[in-house]
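Chains, contacts and geometry: an overview
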Amino acid sequence: MWSNPATYRTPRMIPLLPISLSHLCLLSLLLTLTSASQVSISVSPHTLSKSGDRVTVQWSGIDSPSKFDWLGIYSPPDAASENFIGYFFLSSSPTWQSGSGSITVPLVNLRSNYQFRIFQWTDAEVDPSRHDEDHNPLPGTKHLLANSGEVGFATGRGPEQVHLAFTDREDEMRVMFVTHDGKESFVKYGRREDRLDRVVGTWVGRYEREDMCDAPANESLGWRDPGFIHDGVMTNLNKGKRYYYKVGSDSGGWSSTYSFVSRNEDSDETIAFLFGDMGTATQFSTFLRTQDESISTMKWISRDVEALGDKPSFISHIGDISYARGYSWLWDNFFTQIEPVASKVPYHVCIGNHEYDWPLQPWKPDWSHSVYGTDGGGECGVPYSLRFNMPGNSSELTGTRAPPTRNLYYSFNTGAVHFLYMSTETNFLPGSRQYNFIKHDLESVDRKKTPFVVVQGHRPMYTTSHELGDAPFRERMLKHLEPLFVKSKVTLALWGHVHRYERFCPLNNFTCAKMGGNGEYREAFPVHVVIGMGGQDWQPIWEPRPNHPNDPIYPQPSRSLYRGGEFGYTRLIANKEKLTLYYVGNHDGEVHDMVEILASGQVLGGKSSGGASFRSKTMESAFSWFVKGASVLVLGAFVGYVGGYVSHAWRRAASGQNWTPVKSEEI
């Protein structure tokens, strides 16, 4: 029954403003901005002169700081928050718990300004599905606290990333470098530092994001503008003489003055420094694991180069060069790191899986599915092909809009040695252009002029590491290329890919050459040496016993004469009578293994040592070892340069959360 309307009172409703989801988001943003406005961040200086210069970032005003709070490094400064170059945890600053602190970091010139951003992150927000290569969770970008002002590099200071290479002519030297604008640049050179009276122009090239074949290389996460790559050739050089040079222009500025010793094919002496799989080191954490040991590798090679005085030499890096794998700024970091040495001696390379491999690469036979994968990070050989220019004219089409892949196979003579480089990532089977090149090149060597032949490639023909994926590849190398090597009496076959050092006896079809009464090998089979210990820190295990595959017992086959897990490089010294290869360890810069091979092909028994006490008198004589004196000054200078932008101790401090590395099975 209805009540009398006159006596019924409807309850009074208080009007409410309509609140939508957008209003709630705005309110949350205002609260965040209010909190963030209390945080201040400053950088000093705002302008840097060259790559490796350091900037200090200071902050204050963080309420309830967390050990997960972090500082992001961005270039360009308008990059999305998730597309950082690298990061530090604020807890790497000793005063972080007060809500304030500072971090000093060296920067590499990426031809775009930098910005720093502070984010708040808590352990409750850790997303285990979003992690870096070591399975450490990547920091979250939900709570931005502060942005810094921009930091840039001064203009007019000249090009960077200077590096040398041989050409096909003995009286030439190639020099390559990077500028931000691609304007006309030159190479000035001469016999005297104060009289650079010759000038040559440069060819200019670059590559674009659309040239990349896959992620992350063609995505915003990995792509950064590579600048303009200049290529100039110094000509009419006298044999075995020191030349001085600088690169740049009056409008863009000139580099420092560098020097090198020209090639001399009339010389009986050959000196080279050889390794694979070095990579580069960064002071900050990033999406990939970088290679701290590369610092020591370049440090000791720098010592050796300076100890040579006016003797020519060169570097050979046989694949897996920068380990950028689609994160383009790591190429800039790599060339900055090697410049102190690569601007003095030619830096030669061959292609590895981490420069090239991608799912649609043009040569991928049915047997190779376990061999060629996605290791190139979508680069499909493009940065490798344009940032280096090796002798010869080898190339393969990519099947995409990307330029052809270059620097695949080539050869040159220096002193008493003929060096041949091959590609293990492209077709090497009979009938291919590469196979025909290798066969013809080996058959054409004048052994009176160059009694020693050294072949180099990335993936090894022989290894005792427990790496099964490459088995189909090795089977075909052994079937098709080993007979060529044996027939042509190749002296040394050097390989990378496996991140260890391993020296074999002179081999043919897994069989060691016959021994003489004095411990020498009587048959001139190639000596295979794996030298992939340049810096990449994933260490494979050796092959276990077939009937006990899960037990950590790794017997060393008789064909494997020396195996080592220490990082380092090899040093090759040869004259017309003898070639000696030394294995130098990074922890002490000392020789740990050596092998001597005579021009007749006879291999003398190798020598090895487990520690720093082992030294070769031959090595000391050949180098005129004033390393103990004047070279120490050079070593200190190199350490100071590298220390300006990368440090192992800082690298550890950067991971203030102390993540435990978990090695992925990647080589």
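Whatever comes next refers back to the structure up there.
Since the model is a prediction, treat every value here as computed from it, not as a measurement.

Criteria and cut-off values
- Residues numbered from 1 in each chain as written.
- Predicted model: local features only at pLDDT ≥ 70, side-chain atom pairs only at ≥ 80, totals over all residues.
- Heavy atoms only, no water.
- Helix = DSSP H or I, 4+ residues; strand = E, 2+ residues; numbered from the N terminus.
- Buried < 20%, exposed > 50% of the residue type's maximum accessible area, 1.4 Å probe, protein only.
- Disulfide = S-S within 2.5 Å.
- Pairing = 2+ DSSP bridges.
- Axes fitted to C-alpha atoms, helices over the stretch in contact; angles between N-to-C directions.
- Phe/Tyr/Trp six-rings, centres within 6.5 Å; stacked < 30°, edge-to-face > 60°.
- Salt bridge = Lys/Arg side-chain N within 4 Å of Asp/Glu carboxyl O.
- Core = buried A, V, L, I, M, F, W, Y, C linked by side-chain atoms within 4.5 Å.
- Contact = heavy atoms within 4.5 Å.
- Polar contact = N/O pair within 3.5 Å; in protein donor to acceptor, adjacent residues only side chain to side chain.

Omega for the bond connecting S44 with P45 falls within 30 degrees of zero, at -5°, which places this linkage in the cis form. Inspection of the secondary structure assignment puts P45 in the loop between β1 (40–44) and β2 (47–48). Along the chain, S75 connects to P76 via a cis peptide bond; the corresponding omega equals 0°. Locating P76 in the fold gives a position in the loop between β4 (70–74) and β5 (86–89). Here D277, not a glycine, exhibits a phi torsion of approximately 60°, which is positive. Within the element layout of this structure, D277 appears in the loop between β19 (270–275) and α2 (293–307). D277 sits in the buried class, given a relative accessible area of 0%.

This next bit is on the state of the cysteines. Enumeration over the complete set of coordinates arrives at two disulfides. The residue that forms a disulfide with C213 is C380, at a sulfur-sulfur distance of 2.1 Å. One quick way to see it: the torsion about the S-S bond of C213 and C380 is about 80°, and its sign makes the bridge right-handed. Here C213 is found in the loop between β14 (203–205) and β15 (228–234), whereas its partner C380 is found in the loop between α4 (353–356) and α5 (382–387), with 167 residues between them in sequence. With relative accessibility at 0%, the residue C380 sits in the buried group. At a sulfur-sulfur separation of 2.0 Å, the disulfide partner of C505 is C512. Across the disulfide from C505 to C512, rotation about the S-S bond amounts to roughly -85°, and the bridge is consequently left-handed. Of the residues examined, C505 reaches a relative accessible area of 0% and is grouped as buried. By relative accessible area, which is 26% here, C512 ends up partly exposed.

Bringing the sheet that holds strand β6 (residues 101–106) into the picture now. Spatial strand order, β1-β3-β6: three strands in an open sheet with antiparallel pairing. In this open sheet, the two edge strands, each paired with only one partner strand, are β1 and β6. If you compare each strand with its neighbour and ignore which way they point, the axes differ by 20° on average. Sheet topology places β1 next to strand β3 (residues 54–60); five bridges connect them, and they run antiparallel. Across the sheet, the residue bridging to S42 is Q58, located in β3.

The subject of this paragraph is the packing of aromatic side chains. To describe a pair of aromatic rings, one takes the distance between the centres and the angle between the planes. Enumeration over the complete set of coordinates arrives at 40 aromatic pairs. Note on W70 and Y87: the rings are 6.0 Å apart at their centroids and 75° apart in plane angle, and the pair reads as edge-to-face. Linking W70 in strand β4 with Y87 in strand β5, this pair joins segments that are 17 residues apart in sequence. Looking at W70, the relative accessible area reads 0%, which means it is buried. Aromatic pair F84 and F287: ring centres 4.7 Å apart, planes at 5°, arrangement stacked. Residue F84 is found in the loop between β4 and β5, and its partner F287 is found in the loop between β19 and α2; the two are separated by 203 residues along the sequence. In this structure, F84 and F287 share a single accessibility class: buried.

Under the criterion given, the structure shown has 31 salt bridges. One salt bridge connects D171 with R169, and the closest N-O pair in it is separated by 3.1 Å. On the basis of relative accessibility, which here comes to 46%, the residue R169 falls in the partly exposed class. When salt bridges with common partners are traced through the structure, they connect D357, E425, R459 and D470 into a single cluster.

For soluble globular proteins, nonpolar side chains are generally found buried alongside one another. Core analysis: the largest hydrophobic core is formed by 167 residues, its most contacted members being F116, Y245 and L572. It is helix α3 (residues 329–342) that provides the largest number of residues to this core, a total of eight residues. The contacts of L572, once residues within four sequence positions are left out, are T270, I271, A272, L274, V417, F419, V454, L492, L579, T580 and L581.

Further remarks concern the side chain of H528. Secondary-structure assignment places H528 in strand β30 (residues 527–531). H528 sits in the buried class, given a relative accessible area of 1%. In this structure the side chain of H528 is engaged in a polar contact, spanning 3.1 Å, whose partner is the side chain of W495. When near neighbours in sequence (up to four residues on either side) are disregarded, H528 contacts M461, Y462, A493, W495, E502, R503, F504 and L507.

Right, let's get into the sheet that holds β5. Taken together, the four strands give an open sheet; going across it, the order is β5-β4-β7-β8, and neighbouring strands pair in antiparallel fashion. Both outer strands of the open sheet, β5 and β8 (143–147), are each paired with one neighbouring strand and no more. The mean inter-strand angle of the sheet, taken between neighbouring strand axes irrespective of direction, is 30°. Direction of pairing for β4 relative to β5: antiparallel, over a ladder of four bridges.

In this structure, N413 sits in strand β24 (residues 410–414). The sequence separation of N413 and E170 amounts to 243 residues, and the corresponding C-alpha distance is 8.7 Å. Separated by 2.6 Å, the side chains of N413 and H418 make a polar contact.

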